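# What the coordinates show
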Amino acid sequence: MIINKNEIAGILTKLAEEYRVIAPVKKDGLVQYAAIKNGEEACLDYANTKKPGKEILFPQSEELFNYTVSAEGVRMQDNVDKEATIVFGMRPCDVKSLVLLDNVFKNDQYTDVYYLTRRANTLIVGLGCNEPASTCFCTSMACGPFAKEGSDIFLTDLGETYFIEGISDKGKELLAKLGLSAASEEQKAAAAKLQTETKADGSINIEGLAEKLGGMFEHPFWDSLHEKCLGCAACTYLCPTCHCFDIADEAKDCEGCRVRNWDACMFPLFTLHGSGHNPRPGGKARWRQRLMHKFNYFVERYNATACVGCGRCIKNCPVNLDIRQALAEVRALD
Amino acid sequence: MNTTEKIREIAKQLLTDKKVDLVVGFAQGSLPLRSTPYFARTPEQADNLIWSATCENNLANFVRKRSDKVAVIAKGCDVRAMVALIKEGQINKDNLTIIGVPCQGMIDRKQVCEAIGCQEILEATDNGNELILKGKGFEKTLAKEDVMFVSCKTCQYNTPVIFDELIGEALPGKEANYDDIAAFEALSPAERNAYIAKEMSKCIRCYACRQACPMCYCSECFVDCGAPAWIGKGAQRVDDNALFQTVRVLHLAGRCVDCGACERACPMGIKLSLLNRKMVKDVKELYGAEAGVNLTDPPALNTHKFEDKEDFML
Ligand code: SF4
Ligand code: SF4
Ligand code: SF4
Ligand code: SF4
Ligand code: SF4
């Protein structure tokens, strides 16, 4: 199917009457996902959003439930978000990150009702990248500028128009309702050409990396890797696959709520025990955890790297600690 | 010899003579317009050191609480921070060798981004006064002084205030300039409040500002304390974000060296300098004090003088 770019805003406005529509918007100089009512707000001409797409299903701060205590007893109200949602124009790396996060929020040990309810009620419209940035290395990470895994509908930018594909049943159903016109053979061919020929950096070789890291826990490499790291969480908070969180109660008098907030392995507090002991006492143990989690533990557990190659950690690190270089150094070690 | 070559030579000599165990400086970064802190421990590694207008991080962060002998390639603001840290007992001056570099200012990538419509830069050349930026289908030349960090545009201590060796000629100092803060002060309280709230709404509480600040070194930051929880941990409440910065600014009263490292590190582009520089200006006006400009003045809030103003007291 095909759609003119100038029709998109109208369609989004229409959809917003029925769904919560979330799209990238330009706000205060940053491109960020936001719920929109008017399709004109959507900004589809962007390289990557500042904050990753994970925040849509797994917000940075989320009230899980609230409660009041009174003479009659305790009242509790959960906060599961069931609103039917369409995410429009998400880049393939962010879409892929949700596929990876699914493993974390639903597995043999744990089922996260908050994430999964949103997941079930959210339809994702992916948007391929005609011009991957120099910091993008999704092609190396089992993803790619036109990877469709996880998208319900997928858009390919043909200049004046978008070529639209229904991927999942859910996506096809929505498309059927929109009554779009069919793409010509020429347009189909143009889309296919873009999809096969556009590549991001594919030179980061991760073959055998997980096994290698597995034997490297005590390697002196870790002594120097972290040396310039400041120990902030810019890399982890802005990473679409990092998913650690902390749970806190916020209460005043007889009212309160339980909140889940993003947390990060780069913070000392993350592993601080009540006894005062910290099993990851410094930057060395923390950076090792970050790299190991992404390229060894996650691979062992879910058979995929917990990195989609979006490049956000590279662009946003205040000291330019580049994860691609860290991986190359690991590879170069005997 | 250019600055980079001189730095390498001096660093090599220090390492060869075993006068220091380590030279902290900068190496070429992995992206255009980026450098990265670098730790040279051998004369060979010293060859990776560089100097450019992208050496933006405050290296004082890496010399705090070390027991080895360290040399540091330091610009004006790095040295101010180290001077302040020496006075606070965080750096042992006997183990420190300062190789000072008179600094012409560092380039603010956010301003560069705005100036070129945020197109991706694939190649950047610095020809002294100008930056030539190339990307897919564009080439643009920018005057370096137009895209410098605020802290650099107003810097009065480009030449390190103390050093063991200085690379190149000392630069003339500039007049104090707090026009940005004066403009902010001129806004009504409601306008200032709205501006701060807008900035704080972008905060993700990654704490890069705190981590990048050479003067933020409390062993436990109040935001990390769980019992009592002084502050909400989430980033969704603008008030909590603002409270975090307010307490940070207060903890830095009379200690902030106006290096801008906090603002540089913020991934969300929040204008933190308005808060910190406001405090710097206030401390200067109220106490006639500036942090880290010499080894003799006691830190502003560690002392009392008869001339100190009392009009803020009841
Ligand atoms: S590790 Fe870096 S490149 Fe990989 S997904 Fe996370 S932010 Fe993106
Ligand atoms: S963003 Fe950079 S400095 Fe901050 S924790 Fe990550 S690697 Fe370290
Ligand atoms: S604040 Fe001064 S010394 Fe520091 S980088 Fe800017 S110009 Fe250089
Ligand atoms: S660096 Fe910026 S986003 Fe991060 S905590 Fe500080 S102000 Fe907030
Ligand atoms: S608060 Fe900011 S400007 Fe002041 S010393 Fe810390 S990093 Fe430098």
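Residues numbered from 1 in each chain as written. Chains lettered and ligands numbered in written order. Predicted model: local features only at pLDDT ≥ 70, side-chain atom pairs only at ≥ 80, totals over all residues. Heavy atoms only, no water.

### Remarks on the overall build of chain B
Secondary structure assignment for chain B yields ten helices and nine strands. The C-alpha atoms of chain B give 20 Å as radius of gyration, which agrees with the globular expectation for 314 residues (20 Å, within 12%). Dimensions along the principal axes, computed over C-alpha positions, put chain B at roughly 60 × 55 × 40 Å. Looking at chain B as a whole, 53% of its 314 residues qualify as buried. The long-range share in chain B, meaning contacts at least 24 apart out of those at least 6 apart in sequence, stands at 66%. Surface accessibility of chain B: about 14600 Å² in total, with carbon and sulfur atoms responsible for 52%. Taken as two groups, the 40 positive and 43 negative side-chain charges of chain B have centres that lie 4 Å from each other. (Helix = DSSP H or I, 4+ residues; strand = E, 2+ residues; numbered from the N terminus. Rg over C-alpha atoms; globule rule 2.2 N^0.38 Å. Buried < 20%, exposed > 50% of the residue type's maximum accessible area, 1.4 Å probe, protein only. Contact = heavy atoms within 4.5 Å. Areas by Shrake-Rupley, 256 points an atom, 1.4 Å probe, with all protein chains shown as cover. Lys, Arg positive; Asp, Glu negative; His and termini not counted. Charge placed at Lys NZ, Arg CZ, Asp CG, Glu CD.)

### Observations regarding the interface of chain B and chain A
The interface is formed by 37 residues belonging to chain B together with 35 residues belonging to chain A. Between chain B and chain A we count two salt bridges in total. Arg-237 of chain B is paired through a salt bridge with Glu-250 of chain A; the nearest N and O atoms lie 2.6 Å apart. At the junction of chain B and chain A, the tally comes to 17 residue pairs in polar contact (both at pLDDT 80 or more). Of all the secondary structure elements, the ones that give two or more residues to the side of chain B that touches chain A are β2 (35-40) and α7 (208-212) of chain B. When the residues that make up the side of chain B that touches chain A are grouped by side-chain class, the tally is 14 nonpolar, ten polar and 13 charged. (Salt bridge = Lys/Arg side-chain N within 4 Å of Asp/Glu carboxyl O. Polar contact = N/O pair within 3.5 Å; in protein donor to acceptor, adjacent residues only side chain to side chain. Nonpolar A, V, L, I, M, F, W, Y, C, P; charged D, E, K, R; others polar.)

### Looking at the pattern of salt bridges
Applying the stated criterion to the full structure yields 36 salt bridges over all chains. The salt bridge partner of Asp-322 of chain A is Arg-324 of chain A, with a shortest N-O separation of 2.7 Å. Of the two residues, Asp-322 of chain A and Arg-324 of chain A, neither departs from the other in class, the shared state being buried. With a shortest N-O distance of 3.9 Å, Lys-271 of chain B and Glu-263 of chain B are connected by a salt bridge. Among the residues examined, Glu-263 of chain B registers a relative accessible area of 12% and is labelled buried.

### A short note on the packing of aromatic side chains
Counted under the stated rule, the structure contains 13 aromatic pairs over all chains. Seen in terms of ring centroids, Phe-58 of chain A and Phe-245 of chain A are 6.0 Å apart; in terms of plane orientation they differ by 65 degrees. Their pairing is edge-to-face. Taken as a pair, Phe-58 of chain A in the loop between α2 (54-57) and β4 (61-70) and Phe-245 of chain A in strand β10 (residues 245-252) lie far apart in primary sequence, 187 residues in all. Taking the centre distance of 6.1 Å and the plane angle of 65 degrees together, the rings of Phe-184 of chain B and Tyr-195 of chain B count as edge-to-face. (Phe/Tyr/Trp six-rings, centres within 6.5 Å; stacked < 30°, edge-to-face > 60°.)

### Quick look at a nonpolar patch on the surface
Taken together, Val-69, Val-74 and Met-76 of chain A make up a surface patch of nonpolar side chains, about 300 Å² in accessible area. Mapped onto the elements, Val-69 of chain A comes out in strand β4. (Patch = residues over 30% accessible without salt bridge, like charges linked within 9 Å, V, L, I, M, F, W, Y side chains within 5 Å.)

### Comments concerning the nonpolar core
Judged by nonpolar contacts, the single largest core of 173 residues is most densely connected at Leu-291 and Phe-295 of chain A together with Val-23, Val-24, Val-72 and Met-82 of chain B. Considering every element that reaches this core, the biggest residue donor is helix α2 (residues 76-87) of chain B, with eight residues. For Val-72 of chain B, the contacting residues outside a window of four places in its chain are Val-24, Leu-59, Val-63, Met-82, Leu-96, Thr-97, Ile-98 and Ile-99 of chain B. By size, the runner-up hydrophobic cluster in this structure holds eleven residues, among which are Leu-33, Ala-53, Val-112 and Leu-133 of chain B. (Core = buried A, V, L, I, M, F, W, Y, C linked by side-chain atoms within 4.5 Å.)

### Digging into the sheet that holds strand β11 (residues 255-262) of chain A
Residue and element names in this part refer to chain A. A sheet is described by the order of its strands in space; here four strands give the open sequence β5-β4-β11-β10, paired in antiparallel fashion. The strands lining the two open edges of the sheet, one partner per strand, are β5 (73-78) and β10. Each strand axis lies, on average, 20 degrees off the axis of its neighbour in the sheet, ignoring direction. Bridge analysis of β4 against β11 gives seven bridges, and the strand direction is antiparallel. Residue pairing across strands places Tyr-67 opposite Gly-256, the latter belonging to β11. Those strands touched by helix α4 (residues 113-120) are β4, β5 and β11, and its axis lies near 125 degrees from that of β4. (Pairing = 2+ DSSP bridges. Axes fitted to C-alpha atoms, helices over the stretch in contact; angles between N-to-C directions.)

### Let's talk about the pairing of strand β8 (residues 153-157) of chain A
Residues and elements named next belong to chain A. Most of β8 sits out of view: five of its five residues are buried. Burial along β8 is two-sided: the residues Ile-153, Leu-155 and Asp-157 and Phe-154 and Thr-156 are all buried. Here three bridges tie strand β7 (residues 122-127) to β8, and the two strands are oriented parallel to one another. Bridge pairing in β8 links Val-125 to Ile-153.

### Side note on the site of ligand 2
Around ligand 2 lies a shell formed by Cys-229, Leu-230, Gly-231, Cys-232, Ala-234, Cys-235, Met-266, Trp-287, Cys-317, Pro-318, Val-319 and Leu-321 of chain A. Each residue belonging to the shell around ligand 2 can be placed in one class, and the counts come to eleven nonpolar, one polar and no charged. (Near = heavy atom within 4 Å.)

### A look at the site of ligand 1
Neighbouring residues of ligand 1: Phe-137, Cys-239, Pro-240, Lys-294, Cys-307, Val-308, Gly-309, Cys-310, Gly-311, Cys-313 and Ile-323 of chain A. Of the residues that constitute the shell around ligand 1, the class distribution is eight nonpolar, two polar and one charged.

### Remarks on the domain arrangement of chain A
Residue and element names in this part refer to chain A. Partitioning chain A into domains gives domain 1 (2-197) and domain 2 (209-332). The partner domain 2 presents 40 residues to the 43 residues of domain 1 that form the contact. Taking both sides of the interface into account, the surface hidden between domain 1 and domain 2 amounts to around 3500 Å²; carbon and sulfur atoms contribute 59%. There are three salt bridges connecting domain 1 and domain 2. Across the salt bridge formed by Arg-312 and Asp-94, the nearest N and O atoms sit 3.0 Å from each other. Split into classes, the residues belonging to the side of domain 1 that touches domain 2 amount to 20 nonpolar, 13 polar and ten charged. (Domains from an automatic or database assignment. Buried area = accessible area lost by both parts, 1.4 Å probe.)

### So, the domain arrangement of chain B
All names here are of chain B. Examined at the domain level, chain B breaks down into domain 1 (1-106 + 155-175), domain 2 (108-147) and domain 3 (179-287). Placing the centre of domain 1 and that of domain 2 at their C-alpha centroids yields a distance of 26 Å. In this assembly, six residues from domain 1 lie in contact with twelve residues from domain 2. Both sides together, the interface formed by domain 1 and domain 2 hides about 610 Å², and carbon and sulfur atoms give 63% of it.

### Observations regarding the environment of Gly-73 of chain A
All names here are of chain A. You can see Gly-73 is positioned in strand β5. With relative accessibility at 27%, the residue Gly-73 sits in the partly exposed group. Separated by 43 residues in sequence, Gly-73 and Leu-116 place their C-alpha atoms 30 Å apart.

### Focus on empty space enclosed by the protein
All names here are of chain B. Scanning all chains against the criterion turns up eleven cavities of 30 Å³ or more. Estimates place the volume of the largest cavity at around 210 Å³. Elements represented by at least two residues in the lining of the largest cavity include exactly α2, α4 (150-153) and α10 (273-287). Take the lining of the largest cavity: its biggest share by element is three residues, from α2. Here the residues of the lining of the largest cavity are counted per class, giving nine nonpolar, seven polar and five charged. The residue makeup of the lining of the largest cavity includes at least three contributed by each of domain 1 (1-106 + 155-175) and domain 3 (179-287). (1 Å grid on protein atoms, 1.4 Å probe; cavity = no way out; pocket = protein on both sides within 12 Å on 5 of 7 lines; lining within 4 Å. Points joined across faces, edges and corners; volume = space filled by probe spheres on them.)

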